[in-house]
2 protein chains.
Amino acid sequence: MRIMIYINRNDNSALKEQIRQVMAQKIRSGLLLPGQQLPSVRVLANQLRVSLVTVVEAYNLLKQDGLIESCHGKGTFVTSFESTKSREEAILNHSNWQLAIEDYLPQASFWHHNYISLPPEILDLGSASMHHSLLPLSLLSTAIQKGLQEYPKSLSSYSPFSGDSQFLGIIVDYLKGQDLLLNIQQIIVTNGTQQGIDLFARTFLGPGDVVAMETPVFSGAIDAFRLTKTIIQPIPLDREGIRIDILEELSTYMKIKAIYTIPTYQNPTGIIMSLKRRRQLLEFAKQNGILILEDDPCRELNFCEKTKLPPTIKAIDTYGLVVYLKGFSKFLFPGMRLGILVADGTIYNRLLATKSITDLGSSLWLQKILVDFFKQPQLKRHLQKMSRNMEERSQMVFEKLNAKLNPLIYWQRTSGGMFLWITLPPSISADNLIPEAHSRGIHFLPGSIFYPRELGFNHLRICWTNLSDTDLPIALDILCDFLNDAVLKVNF
Amino acid sequence: MRIMIYINRNDNSALKEQIRQVMAQKIRSGLLLPGQQLPSVRVLANQLRVSLVTVVEAYNLLKQDGLIESCHGKGTFVTSFESTKSREEAILNHSNWQLAIEDYLPQASFWHHNYISLPPEILDLGSASMHHSLLPLSLLSTAIQKGLQEYPKSLSSYSPFSGDSQFLGIIVDYLKGQDLLLNIQQIIVTNGTQQGIDLFARTFLGPGDVVAMETPVFSGAIDAFRLTKTIIQPIPLDREGIRIDILEELSTYMKIKAIYTIPTYQNPTGIIMSLKRRRQLLEFAKQNGILILEDDPCRELNFCEKTKLPPTIKAIDTYGLVVYLKGFSKFLFPGMRLGILVADGTIYNRLLATKSITDLGSSLWLQKILVDFFKQPQLKRHLQKMSRNMEERSQMVFEKLNAKLNPLIYWQRTSGGMFLWITLPPSISADNLIPEAHSRGIHFLPGSIFYPRELGFNHLRICWTNLSDTDLPIALDILCDFLNDAVLKVNF
């Protein structure tokens, strides 16, 4: 049987490392099943046009990883689970022919599978969302009622591919309030930020291209870029944001095509890129003909009044370099899945082409409802109220962690956003802590998913806006005890 | 500057023909602008690793097409428009650097651009939709009201990536009524059929793969497949559906990976694939390890009671070969953009992985509303009423065309669906008729967009469910006069 592995001979990693990574990802994410037979060394070497030695070494690495095993005389297999149930399922689920259908997936995201199967009784400090008590749901209901009367035909009509012009006009007004001065011909309505990233990736990135990403970074972006087989170049952060000096050094020997950044309340670290660094980034991109994909989900979640946020990179972009993504899921209406993308000139044209091929445009009806929603004067008051609620909540969170967490565990206060990035002593892997965390009744996201290459095991991200006012302190108590225990275990 | 052209050396068409087609598509769809300079022959030959002669011949063909022109001593340019306005726009819109950013788009669909700029006073016989008077809008309003009370939290929560289990359960019940017996683990909620096609294409098709498509065929599918650079193999239809004999012959010398079909009320021809042909198609696919992508948008639009439709191919698929797409946009709620995809085993797993990477799941709120909508007993009565309305309408349409159209113009009655496929004498190009049609106040879709390779100019598709009861006969009168005039012009 053939397994689709894409080898990039331009990539600096050793070939055996590439093979190992891709197969490890496929196994961990369930695309290769326990007990499934793998190609022989000879067959795989032939298929990939690499030496036998390369495949032997890749297989040895995977055996060390515990992911594959040899059965003498029979061949090499994905390590099977203890339970016979999984084996039977694997056999019953499909005949061999289905597995022989090659696909273009480098990895079904490991964490996605985790997320899907989370039992309801577990207190979820992992997923990025706002508790419904913090959201303007009554305002939304009102807008929906109104929309039903005012725009009945919007249920029966399609949106233009770039979006409804009335809704686009509302967005233009909304973004003016953030010093972003646009016209509607620069905006495309999307089904949320993730689609925005995916559209950008599909349109501009492919094998041989390089996308630079701050790391750690939003895992959904890693997934979307991986799907295009572009090379992902991680760039470290410091307290002012992405390291320009490292970008400059890299660009002396590689052609970077695009840079992905979340400059305000970076996910997961919470860092705010300074104005100076934003300007430097723009200049760097201009000199090298690089596109910037700016993702801005959390700007509205600034709950500390003293903090004045720098302008968006898009607001100071006079070159048309920046593709700007705004999602409303985090702070307005997660259940609706609508967002916008801003771009210029032929960059815009091409993104619009991809959008139309992908889904023929977003829901007209949702856009019409939101026209009314954004017009409501109470919206501004709501956002202020949400800010105050979040500030109270954050105080409780910071005080508790400050009081309870072992000093060997590092974290930092933020002035906004919804995440905390927690760093454990280097020998502890957050991935390995997940089963124990679940048995104690909480969930968080392991830091490894925020790195495109396998680093960062000793970090974790928590979202502190997800739970109710009652559940949150309980979950945090459990978290602190749990992490403290993990640290103590190591020290003995 | 570099233009991204992907040459497929496995494709049978001559290389110069490929270059010509790709550049023609880019020019027609606005991705290359009027007056824009093209690479020199030497540079392009170098970039594509083809001979100089090949590029010279490709450029000559494009000059014959009127799409490019040489300026002696200056180079080769996209033919500029008469108006200086376009030229200035081209210069002002972007600096050279934006054009130097390569993309992966083979074509922004030509017809999409047409569609976007349709003036409101033109009677649209082109776009595939139902007039709001035919849709169950009041039922939808009721469901929305109810949903607001019953599921307020769905506005603030995300859907699982495969969809909300309650909604999936409703879908299982709904499809039972079409003899499709499924469990919810086989279903993924999508943002409509177009996304379903796009997910399938991205997951399974790429350069070197072959997808066989009935032709003429839904242009959205052509676009989605083109984006992956898969080879599109057109397969003719006869009155029973896709030509199995041709598929069998082709498969003796090419490996077909997937077959795309709309077996019931095929878009645009209206043909219904016979049960016998469906079985043959399944057997053929089984023997050759080929996936079938079955698109089923119009099954509910069967308005002729005497006609009993054959089962879906999915319903008789015991092998797990078929990926089945159902959209609700055509007959229930175009403005909402929701649909479903059905698949089995690891085919399902991989499509789900792509779906989650693409947009993190469809709107939970929309799904919850539709739970109530599908539960309503009035829905069945509505569908029957819609059927009767459509039957009346179709009678009017068929009688008018029968009475008025020149006998040299060929068309055929259907028992369902919303389209008519009209065939003109071979020397008439429907694309060339569009400007005149607009000046007379109507729009239709030219047949060329339904063919992946440039054929079929003498066809056009009309949709007769789009206009009001008042506008439709007016539009049809104009259409008949207009087409008759075109035919007469040729004969003199």
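Look a little higher up for the structure.
These numbers were taken from a predicted model, which means no experiment stands behind them.

Q: Could you give an account of the overall build of chain A, naming the residues involved and the relevant values?
A: Tallying secondary structure elements over chain A gives 17 helices and 15 strands in all. In chain A, once contacts between residues fewer than 6 apart in sequence are set aside, the share between residues at least 24 apart is 74%. On chain A, roughly 19200 Å² of surface is accessible, and the fraction owed to carbon and sulfur atoms is 52%.

Q: Explain the interface of chain A and chain B residue by residue, including any values.
A: Taken together, the contact pairs 85 residues of chain A with 85 residues of chain B. In total, about 7000 Å² of surface goes out of reach between chain A and chain B, with carbon and sulfur atoms giving 64% of it. At the junction of chain A and chain B, the tally comes to two salt bridges. Its salt-bridge partner being Arg-202 of chain A, residue Asp-198 of chain B comes within 2.7 Å of it at the nearest N-O pair. Taken together, chain A and chain B are joined by 17 residue pairs in polar contact (both at pLDDT 80 or more). Listed by contribution, the elements that provide at least two residues to the side of chain A that touches chain B are α5 (96-99), α6 (110-116), α7 (137-150), α9 (193-204), α10 (219-227), α13 (345-359) and α14 (364-375) of chain A. At 11 residues, the largest contribution of residues to the side of chain A that touches chain B is made by α13 of chain A.

Q: Tell me about the packing of aromatic side chains, residues and numbers included.
A: Residues and elements named next belong to chain B. Counted by the stated rule, this structure contains 30 aromatic pairs over all chains. Judged by centre distance (5.6 Å) and plane angle (85 degrees), the rings of Phe-303 and Trp-464 are edge-to-face. Pair noted here: Phe-303 is in the loop between β9 (291-295) and β10 (322-327) and Trp-464 is in the loop between β15 (459-463) and α17 (471-491), with a separation of 161 residues, a long-range link. This pair shows no difference in class: Phe-303 is buried, exactly as Trp-464 is.

Q: Which residues make up the relation of the copies chain A and chain B, and what values go with them?
A: Expressed as a screw operation, the relation of chain A to chain B combines 0.1 Å of axial shift with a rotation of 180 degrees, fitting to an RMSD of 0.1 Å. Considering both components of the superposition, the chain copies are consistent with a two-fold axis. Of every C-alpha in chain A, the one belonging to Gln-145 of chain A sits nearest the axis of rotation, 3.7 Å from it. Most of the interface of chain A is mirrored in chain B, where 99% of its interface residues again form contacts.

Q: Give me unusual backbone geometry: which residues, what numbers.
A: In most cases, non-glycine residues show a negative phi, while peptide bonds are predominantly trans. Residues and elements named next belong to chain A. Across the junction of Asn-267 and Pro-268, the peptide omega takes the value 15 degrees, indicating a cis bond. In this fold, Pro-268 is placed in the loop between β8 (258-261) and α12 (275-288). Of note in this structure, Arg-49 is not a glycine but carries a positive phi near 55 degrees. Here Arg-49 shows up in the loop between α2 (41-48) and α3 (52-64). The backbone phi angle of Arg-337 is positive, close to 60 degrees, even though this residue is not glycine. Tracing the backbone through its elements, the reader meets Arg-337 in the loop between β10 (322-327) and β11 (339-342).

Q: Break down the nonpolar core for me, with residues and values.
A: Judged by nonpolar contacts, the single largest core of 163 residues is most densely connected at Trp-365 and Phe-374 of chain A together with Trp-365, Phe-374 and Phe-444 of chain B. Beyond its immediate stretch of four places on either side in the chain, Phe-374 of chain B contacts Phe-167, Ile-170, Tyr-174, Phe-328, Leu-332, Phe-333 and Leu-379 of chain B.

Q: Go over the environment of Glu-17 of chain B with me, naming the residues and quoting the values.
A: Residue and element names in this part refer to chain B. Secondary-structure assignment places Glu-17 in helix α1 (residues 15-28). Glu-17 gets classed as partly exposed once you look at its relative accessible area, which sits at 25%. Side chain to side chain, Glu-17 and Arg-20 meet in a polar contact 3.2 Å long.

Q: Go over the sheet that holds strand β7 (residues 241-242) of chain B, please, and point to the residues and values.
A: All names here are of chain B. Across the sheet, which stays open at both edges, the eight strands sit in the order β4-β11-β10-β9-β8-β5-β6-β7 with mixed pairing between neighbours. Each end of this open sheet is capped by a strand with a single partner; those strands are β4 (187-190) and β7. As paired strands, β4 and strand β11 (residues 339-342) are joined by four bridges and run antiparallel to one another. By the bridge assignment for β11, Val-189 is matched with Ile-340. Its contacts with the sheet put helix α8 (residues 165-176) on β4, β10 and β11, and the angle it makes with β4 is roughly 110 degrees. On the sheet, helix α10 (residues 219-227) packs against β5 (210-215), β6 (231-238), β8 (258-261) and β9 and is oriented at approximately 165 degrees with respect to β5.

Q: Can you lay out helix α7 (residues 137-150) of chain B for me, pointing to particular residues and giving the numbers?
A: Compared with an ideal rise of 1.5 Å per residue, which puts 14 residues at 20 Å, α7 of chain B spans 20 Å between its outermost C-alpha atoms and is within 8% of the ideal. Turning to α7 of chain B, its buried residues are Leu-137, Leu-139, Leu-140, Ala-143, Ile-144, Gly-147 and Leu-148 of chain B. Looking at the buried positions of α7 of chain B, the neighbouring elements they touch are α7 and α14 of chain A together with α14 (364-375) and α15 (378-404) of chain B.

Q: Residues and numbers for the packing of α13 of chain A against helix α9 (residues 193-204) of chain B, please.
A: Contact pair α13 of chain A / α9 of chain B: the axes reach a minimum separation of 6 Å and the direction vectors enclose 100 degrees. Considering their axes alone, α13 of chain A and α9 of chain B lie roughly perpendicular with respect to each other. Contacts between α13 of chain A and α9 of chain B involve Ser-356, Ile-357, Thr-358 and Asp-359 of chain A from the first element and Gln-194, Gln-195 and Asp-198 of chain B from the second. Along the lines of polarity and charge, the residues of the contact of α13 of chain A with α9 of chain B split into one nonpolar, four polar and two charged.

Definitions and cut-offs
Residues numbered from 1 in each chain as written. Chains lettered and ligands numbered in written order. Predicted model: local features only at pLDDT ≥ 70, side-chain atom pairs only at ≥ 80, totals over all residues. Heavy atoms only, no water. Helix = DSSP H or I, 4+ residues; strand = E, 2+ residues; numbered from the N terminus. Contact = heavy atoms within 4.5 Å. Areas by Shrake-Rupley, 256 points an atom, 1.4 Å probe, with all protein chains shown as cover. Buried area = accessible area lost by both parts, 1.4 Å probe. Salt bridge = Lys/Arg side-chain N within 4 Å of Asp/Glu carboxyl O. Polar contact = N/O pair within 3.5 Å; in protein donor to acceptor, adjacent residues only side chain to side chain. Phe/Tyr/Trp six-rings, centres within 6.5 Å; stacked < 30°, edge-to-face > 60°. Buried < 20%, exposed > 50% of the residue type's maximum accessible area, 1.4 Å probe, protein only. Least-squares fit on C-alpha atoms with pLDDT ≥ 70 in both. Core = buried A, V, L, I, M, F, W, Y, C linked by side-chain atoms within 4.5 Å. Pairing = 2+ DSSP bridges. Axes fitted to C-alpha atoms, helices over the stretch in contact; angles between N-to-C directions. Expected span 1.5 Å × (residues − 1). Parallel < 35°, antiparallel > 145°, perpendicular 65-115°, else oblique. Nonpolar A, V, L, I, M, F, W, Y, C, P; charged D, E, K, R; others polar.

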